[in-house]
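Understanding the architecture of this molecule
Here are the chains, one letter per residue:
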Amino acid sequence: MMPAPAALPCLLALCTVGIGLSAAQAQPPAPAPPSETQPARADADTQRCATQADPALRLDCYDKLFGPRAVDPLTAPATPPAEATAAAAPSVAAATEVSPPSDSPLSTFWELRRSDKRKAFVVRTYQPNFLLPLHVTSDINRQPVSPTRGAAPLRPNFKGVEAKMQVSLRVKVAEDLLLPRADLWATYTQRSMWQVWNQADSAPFRSTDYQPELKYVVPVPDGMSALPWGWSWRMVDVGFAHQSNGQSVPLSRSWNRLYAGTAFERGELSLQVRVNRRPREGSQDDNPDLTRYVGNTELTAAWLPGRATAALTWRLHPKNLQNGSVQLDWTYPVDSSEPQGLRWYLQLFSGYGESLLDYNHRQTSLGLGLSLFQF
């Protein structure tokens, strides 16, 4: 970047502060001797304002009559250079402060900047909210099994075509907690697999997963955020999540996890990394081998090319790379002039753990439907 444009905001800031100080320190001219006609003219002007029937016009009349007169910066005396330099220092610092760009999706979503902060205890969306009436899988799980709960009864009527839906919300419960601009969030996500096309079994819900979560989000200080090749380090987060399906044995599945993550951004592309740590649950564990299949690490790349959105998520375990999963989510507005309205939603999944009941069941699925809402 050339030095001249970069210096222009600083020069303008110095000039503006210098003019303001000059105006503030200017000595008003000696008042003219009162004349005999001045009191009479003032009384007449006051009476004219008082006769205005419209309150807005009456107020405007009084403002013009008694309001302060602006100081002309061209006729104000100059400020001494030393005083002008000292007064301009805060403005120069503000003009050169490094902050995330105004179009940073991560900063807007997690309210990382002061200008992004919104009220606490207001419900907003979290993960995508969607309804996929057409969800086709390569291998429907008709008999789930786990090492500690055994095999569930066989459901031979389960179809490979079903519906999938997800609702995910978040709320900020504390702002500026412990660290500057750091916030505490509570989230809830519910995902269901619905055998809506299975009339033989009266269209049951095959699986529903419930996940409450606490997330502590810490913005990266401005002075540390700049990275090579145009990338920016945006945030660090730590949290606790519980996920379960609310079923009884032998279909019960659940796990708790602590996690730590971070996020980077470059224009319309973002990268997020999360590492999960599962505490031991002893003999009450419904699925002790869960992380061996679904993994303990998540890598997500999100892309916002214009009106479309795309996200690619890879869940893996570094010691067992043949398991895990890959998921692609893509959306586009139904009406291109209303990008915040309904959006077409396409999801492609391949691997283990599309639902908790399928944590050790490998499949490839394709879903098509609509995103429901985002706010």
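Residues numbered from 1 in each chain as written. Predicted model: local features only at pLDDT ≥ 70, side-chain atom pairs only at ≥ 80, totals over all residues. Heavy atoms only, no water.

1. Digging into the overall build of the chain
Each helix and strand counted, the chain has seven helices and 15 strands in total. In the chain, which comprises 375 residues, the proportion classed as buried is 37%. In the chain, once contacts between residues fewer than 6 apart in sequence are set aside, the share between residues at least 24 apart is 59%. Total accessible area on the chain is roughly 21,200 Å²; 64% of this is exposed by carbon and sulfur atoms. (Helix = DSSP H or I, 4+ residues; strand = E, 2+ residues; numbered from the N terminus. Buried < 20%, exposed > 50% of the residue type's maximum accessible area, 1.4 Å probe, protein only. Contact = heavy atoms within 4.5 Å. Areas by Shrake-Rupley, 256 points an atom, 1.4 Å probe, with all protein chains shown as cover.)

2. Some points on the pairing of strand E7 (residues 205-219)
Extensive coverage of E7 is indicated by the burial of eleven of its 15 residues. As paired strands, strand E6 (residues 183-194) and E7 are joined by twelve bridges and run antiparallel to one another. Across the sheet, residue tryptophan 194 finds its bridge partner in E7, namely phenylalanine 205. Across eight bridges, the pairing between E7 and strand E8 (residues 232-244) is antiparallel. Bridge pairing in E8 links lysine 215 to glycine 239. (Pairing = 2+ DSSP bridges.)

3. Digging into the nonpolar core
Membership of the largest hydrophobic core is limited to eight residues, which are Leu106, Trp110, Leu112, Tyr126, Trp185, Val217, Met235 and Ala263. Beyond its immediate chain neighbours, meaning those up to four positions away, methionine 235 contacts Trp110, Leu112, Val217, Val218, Pro219, Val220, Thr262 and Ala263. Formed by five residues, the second largest nonpolar core is a distinct cluster that contains Trp255, Leu290, Leu356 and Tyr359. (Core = buried A, V, L, I, M, F, W, Y, C linked by side-chain atoms within 4.5 Å.)

4. Quick word on unusual backbone geometry
Glycine aside, negative phi is the norm for most residues, and most peptide bonds take the trans geometry. Cis geometry marks the peptide bond from valine 249 to proline 250, where omega comes out at 15°. Here proline 250 is to be found in the loop between E8 and strand E9 (254-266). The residue phenylalanine 121 is not glycine, and still its phi comes out positive at about 60°. Within the element layout of this structure, phenylalanine 121 appears in the loop between helix H5 (105-110) and strand E1 (123-125). A positive phi angle, near 70°, is found at leucine 178, a position not held by glycine.

5. Looking at the packing of aromatic side chains
Overall, the coordinates contain ten aromatic pairs when judged by the stated rule. Taking 6.2 Å as the distance between ring centres and 10° as the angle between the ring planes, the aromatic pair formed by tryptophan 330 and tyrosine 332 counts as stacked. Cluster of aromatic residues (ring-pair linked, three or more members): Phe109, Trp110, Tyr126 and Trp185. Geometry around phenylalanine 109 places arginine 170 over its ring, the cationic atom sitting 3.8 Å from the centre. (Phe/Tyr/Trp six-rings, centres within 6.5 Å; stacked < 30°, edge-to-face > 60°. Lys NZ or Arg CZ within 6 Å of the ring centre and 35° of its normal.)

6. Quick look at the environment of glutamine 166
As for its position among the elements, glutamine 166 is in strand E5 (residues 161-174). For glutamine 166 and methionine 193, which are 27 residues apart along the polypeptide, the C-alpha to C-alpha distance reads 9.2 Å. When sequence neighbours within four positions are dropped, the list of residues in contact with glutamine 166 reads Gln127, Pro128, Asn129, Phe130, Thr189, Gln190 and Arg191.

7. Comments concerning the pairing of E8
Regular strands place side chains that alternate from one sheet face to the opposite one. Where E8 and E9 come together, twelve bridges link them in antiparallel fashion. Its bridge partner lying in E9, valine 236 is registered against threonine 262.

8. Looking at the environment of serine 168
Inspection of the secondary structure puts serine 168 in strand E5. On the basis of relative accessible area, serine 168 is assigned to the buried category, the value being 0%. Measuring from C-alpha to C-alpha, the distance between serine 168 and glutamine 211 comes to 9.2 Å, with 43 residues separating the pair along the chain. For serine 168, the residues in contact, after removing those within four places along its chain, are Thr125, Tyr126, Gln127, Pro128, Asn129, Tyr188 and Thr189. Within the structure, serine 168 has its side chain in polar contact with the backbone nitrogen of glutamine 127 (distance 3.0 Å). (Polar contact = N/O pair within 3.5 Å; in protein donor to acceptor, adjacent residues only side chain to side chain.)

9. A closer look at the confidence of the model for the chain
Across the chain, pLDDT averages 82, with 75% of residues at or above 70. Note that residues 1-37 has pLDDT below 50 and, in this model, 26 contacts with residues that lie over four places away or in other chains. Throughout residues 69-100 the model reports pLDDT below 50, and contacts reaching past four residues in sequence, or to other chains, amount to 35 contacts. (pLDDT = per-residue confidence, 0-100.)

10. Considering the environment of glutamate 281
In this structure, glutamate 281 sits in the loop between strand E10 (269-277) and helix H7 (290-294). Measuring from C-alpha to C-alpha, the distance between glutamate 281 and asparagine 256 comes to 8.7 Å, with 25 residues separating the pair along the chain. Of note is the side chain of glutamate 281, whose polar atom sits 3.4 Å from the backbone nitrogen of asparagine 256. Polar contacts involving the side chain of glutamate 281 include one to the side chain of arginine 278, which spans 3.4 Å.

11. A closer look at a nonpolar patch on the surface
Together, Leu312, Trp314, Leu321, Val326, Leu328, Leu348 and Leu366 line one region of the surface with nonpolar side chains, adding up to about 590 Å² of accessible area. Breaking the nonpolar patch down by element, the ones donating at least two residues are strand E12 (309-316) and strand E13 (325-333). Along the polypeptide, leucine 312 turns up in strand E12. (Patch = residues over 30% accessible without salt bridge, like charges linked within 9 Å, V, L, I, M, F, W, Y side chains within 5 Å. Salt bridge = Lys/Arg side-chain N within 4 Å of Asp/Glu carboxyl O.)

12. Digging into the side chain of threonine 189
Of note, threonine 189 is situated in strand E6. For threonine 189, a relative accessible area of 5% gives the class buried. In terms of polar contacts, threonine 189 uses its side chain to reach the side chain of serine 168, at 2.7 Å. Setting aside residues no more than four positions away along its own chain, threonine 189 makes contact with Tyr126, Gln127, Gln166, Val167, Ser168, Asp209, Tyr210 and Gln211.

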